[in-house]
Amino acid sequence: MTTTLLDTLRTLVGPANVLADGDLTAWEQDWRRRVRGKALAVVRPASTQEVAAVVKACAAAGTAIVPQGGNTGLAVGSTPDDSGTQIVLSLTRMNTVRSIDTDNLTMTVEAGCILQNLQDVAQNAGVLFPLSLAAEGSCTIGGNLGTNAGGTQVVRYGNARDLCLGLEVVTASGDIWNGLTGLRKDNTGYDLRDLFIGSEGTLGIITAATLKLYPEPAARLTAWAAVPSMEHAVALLGLAHKHLGAGLTGFEVMGQFALSLVGKHMPQLRVPFLGDENAPWCVLLENSDSESEEHARGRFEALLETAFEASCVTDAVVAENLTQAQQLWHIRENIPLAQAEEGLNIKHDISIQISRIPAFVAHTDAVLRREIPGVRLVNFGHLGDGNLHYNVQAPEQGDPKAFLRDHEEHVHQLVYDAVAEFGGSFSAEHGIGELKADKLEKYQSPVALSMMRAVKQALDPQGIMNPGRVLNR
Ligand code: FAD
C-alpha cells in the first residue's frame, strides 16, 4: 500500500521530489529542535495542480499530510509525528510571483515565496509589503498565512490576515478553490479566506494568495528609548499614538535581562543603555511618514521631548540613517537567538489588553519568583499590539534540561492562568500547533471549541490534514 502511494507520488511530482531516504532532518525537526518526527516522505510539488493531485492520492490512501513552508513555526505544526506514516508536503518549490498590480496595490504570489523576497519584489516595484518578522529570510507566505503571523509592523498594518485579500486553496479532498481576488469589498457569503488563514494546515493547503501593498513611506525614523518602568512604556505608547498618528509603525519593548543575553552572546552588537539601572526596560519605536524626512524628524523630536518632560523616557538615541536603524532592529531581532544560545527555555507568546500589561507583568513576575526561586525572566515583545514574549530561562546554576523536565508544565500553568485572569490570550501570533493543543482545550470556551470541531469535520471529514494540530480530537 505504502509503496504504491510513494510510486504514485513519484509519478505526480517526479522522483527527485519525493524524498523518502537519507537525512530528512531539515523537514522532520522543528525550529527549536525540541521535536523530531519521522516522515513517510517529503513531497515537493511545483504547481497547484500537483498539490491537488498529491492530496487526492493521499486522501485515497488515507495518508495524513503535514503542510510545510520554511519550517520556522514555533508551535510544532509543520513537522510530522514519529509514526513514519505522514507525508510532509513542502511548498517551497511554489515560489513564483504571479502578478503585481501597483494601481490596485496588490500582488498575487505562490505559497512557497520567502517573505523577504516578497518585500524585495514590492520594493523594486516602488511599493511596500509590510509584513516583517525576524524569520523573514526563511519563512514563507504560506506559513505566514497558515499561522496568521504578526511581527513588528502590526501596530500600523495589521497581521497576515489583514494583509490578505484572497486565497487559492487545495481542499482536503484535493479540489482547487480559486478565491484569489484583489477586491477590497466582497460580501458574498461566509468568509472562507478567513477560515483558512490561521488554520495551520488543518483545513486545507494554501497554494497562492493575493496580498495588499502600500505606498513606500518617504521617511522612516527609529529611536531606542530607556524607560523607567512598564507603566512608563505604556504611557510612551500613548504619546507615540498621539504625536505620530498612523505614522507609528513599530513599538517593541525589551527587558534588561533579555538585552543582557544579546550583550553576552552577540558582543559585536552594541546594545544602547545595556545594564543601565534607570532603564529596566527599553523601547524600540519606529515612525514611517509619507512626508519629508525633515518633517518626520520634527514630529519624532516633539514626541521625545514630551516623553522626557513626562518622565516616560530617561534617555534616548535616534538613528541617524538607515544603517543605524537596521542595527537597532537587529538587536531586537536577535533576542530569540541569544535566548537559544543561553540554553533551553520556556516560551510564551501571549497578548493582554495594553492598559493591563503593567499589572499583568508585576503580578506574574511575583508569582513565578515566589514559586520557582532563581527563575530568570526574558520579557520582550510587540507592546504596540499588547503581545509579549514572556519567556522563562532556567536559573543560572543547574541543569536546564532538568529544569524544563521538573518545571515546564507548572510554569505554563502559572503564566496561562494569569493570562486568563487578565482576560488575555495564551497564543497571540505563533498559533497552536501541537505544542498548545491541550491549552486550547483548557482555555478556549466549550462553545468555540465545538464550532471549531464542526468546521474541521465539514472541511476535512477524513481527518488527514495535519492531524493532532490545533484540535487534538
Ligand atoms: P512553517 O513553520 O513551515 O509552518 C507553520 C504552520 O503553517 C504549520 O502548521 C504548517 O502546517 C502551516 N503551513 C505552512 N505552509 C502552509 C500552507 N501553504 N498552507 C497551509 N498551511 C501551511 N511569528 C510571528 O507571528 N511573529 C514574529 O515576530 C515571529 N518571529 C519569529 C522569529 C524567529 C527567529 C522564528 C524562528 C520564528 C518567528 N515567528 C514569528 C514564527 C514563524 O516564523 C511564523 O510562524 C511563520 O509565519 C511561519 O512560516 P513558515 O513558512 O516557516 O511556516
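Residues numbered from 1 in each chain as written. Predicted model: local features only at pLDDT ≥ 70, side-chain atom pairs only at ≥ 80, totals over all residues. Heavy atoms only, no water.

1. As for the pattern of salt bridges
Then comes step 1: On inspection of all chains with the given rule, the structure shows 24 salt bridges.
Then comes step 2: Here Glu 342 ties to Lys 264 by a salt bridge, and the two come within 3.0 Å at their closest N and O atoms. Of this pair, Glu 342 sits in helix α12 (residues 335–342) while Lys 264 sits in helix α9 (residues 256–265), and the two are 78 residues apart along the sequence.
Then comes step 3: In this structure, Asp 289 and Arg 299 form a salt bridge, with 3.1 Å as the shortest nitrogen-oxygen distance. Placement of Asp 289 in strand β14 (residues 281–289) and of Arg 299 in helix α10 (residues 293–309) is noted, with a sequence separation of 10 residues between them.
Then comes step 4: Here Arg 299 falls in the partly exposed class, since its relative accessible area comes to 26%.
Then comes step 5: The network of salt bridges with shared partners includes Arg 161, Asp 191, Arg 193 and Asp 194. (Salt bridge = Lys/Arg side-chain N within 4 Å of Asp/Glu carboxyl O. Helix = DSSP H or I, 4+ residues; strand = E, 2+ residues; numbered from the N terminus. Buried < 20%, exposed > 50% of the residue type's maximum accessible area, 1.4 Å probe, protein only.)

2. Some remarks on the site of the ligand
Then comes step 1: The immediate surroundings of the ligand are formed by 34 residues, with Pro 67, Gly 69, Thr 72, Gly 73 and Thr 140 found nearest.
Then comes step 2: Gly 73 is positioned such that a nitrogen or oxygen atom in its backbone is 2.7 Å from an oxygen atom of the ligand.
Then comes step 3: Considered on its own, the ligand offers 970 Å² of accessible surface; in the complex 96% of this is hidden by protein.
Then comes step 4: The element that contributes the greatest number of residues to the shell around the ligand is helix α5 (residues 141–147), accounting for four residues.
Then comes step 5: A domain-level breakdown of the shell around the ligand finds at least three residues from each of domain 1 (2–90) and domain 2 (97–215). (Near = heavy atom within 4 Å. Polar contact = N/O pair within 3.5 Å; in protein donor to acceptor, adjacent residues only side chain to side chain. Areas by Shrake-Rupley, 256 points an atom, 1.4 Å probe, with all protein chains shown as cover. Domains from an automatic or database assignment.)

3. Some words on the domain arrangement of the protein
Then comes step 1: Annotation of the protein at the domain level lists domain 1 (2–90), domain 2 (97–215), domain 3 (219–336), domain 4 (343–421) and domain 5 (433–461).
Then comes step 2: Once you take the C-alpha centre of each, domain 1 and domain 2 turn out to be 23 Å apart.
Then comes step 3: The interface is formed by 13 residues belonging to domain 1 together with 16 residues belonging to domain 2.
Then comes step 4: Interface of domain 1 and domain 2: buried area, both sides summed, is about 1100 Å²; carbon and sulfur atoms make up 67% of it.
Then comes step 5: One can count one salt bridge joining domain 1 with domain 2.
Then comes step 6: Here Lys 56 and Asp 175 are joined by a salt bridge, their closest N and O atoms 3.7 Å apart. (Contact = heavy atoms within 4.5 Å. Buried area = accessible area lost by both parts, 1.4 Å probe.)

4. A few points about the sheet that holds strand β2 (residues 41–43)
Then comes step 1: With mixed pairing, the four strands of this open sheet are ordered in space as β1-β2-β4-β3. Each end of this open sheet is capped by a strand with a single partner; those strands are β1 (18–19) and β3 (65–68).
Then comes step 2: When β2 meets strand β4 (residues 87–90), the two strands line up parallel, connected through three bridges. Bridge assignment links Val 42 to a residue of β4, and that residue is Val 88. (Pairing = 2+ DSSP bridges.)

5. Observations concerning the packing of aromatic side chains
Centre distance and the angle of the planes are the two values used to describe a pair of aromatic rings.
Then comes step 1: The final tally for this structure, using the stated rule, is seven aromatic pairs.
Then comes step 2: When the centroid spacing of 4.8 Å and the interplanar angle of 65 degrees are considered together, the rings of Tyr 157 and Tyr 214 count as edge-to-face. Separated by 57 residues along the polypeptide, Tyr 157 in helix α6 (residues 154–157) and Tyr 214 in strand β11 (residues 214–215) bring together distant segments of the chain.
Then comes step 3: On the numbers, 5.6 Å between centres and 85 degrees between planes, the contact of Phe 360 with Phe 422 is edge-to-face. One end of the pair, Phe 360, is in helix α13 (residues 357–371); the other, Phe 422, is in the loop between α14 (400–421) and α15 (437–443), and 62 residues separate them in sequence. Considered together, Phe 360 and Phe 422 belong to a single accessibility category, that of buried residues.
Then comes step 4: These aromatic residues form a ring-pair network of at least three members: Phe 360, Tyr 390 and Phe 422. (Phe/Tyr/Trp six-rings, centres within 6.5 Å; stacked < 30°, edge-to-face > 60°.)

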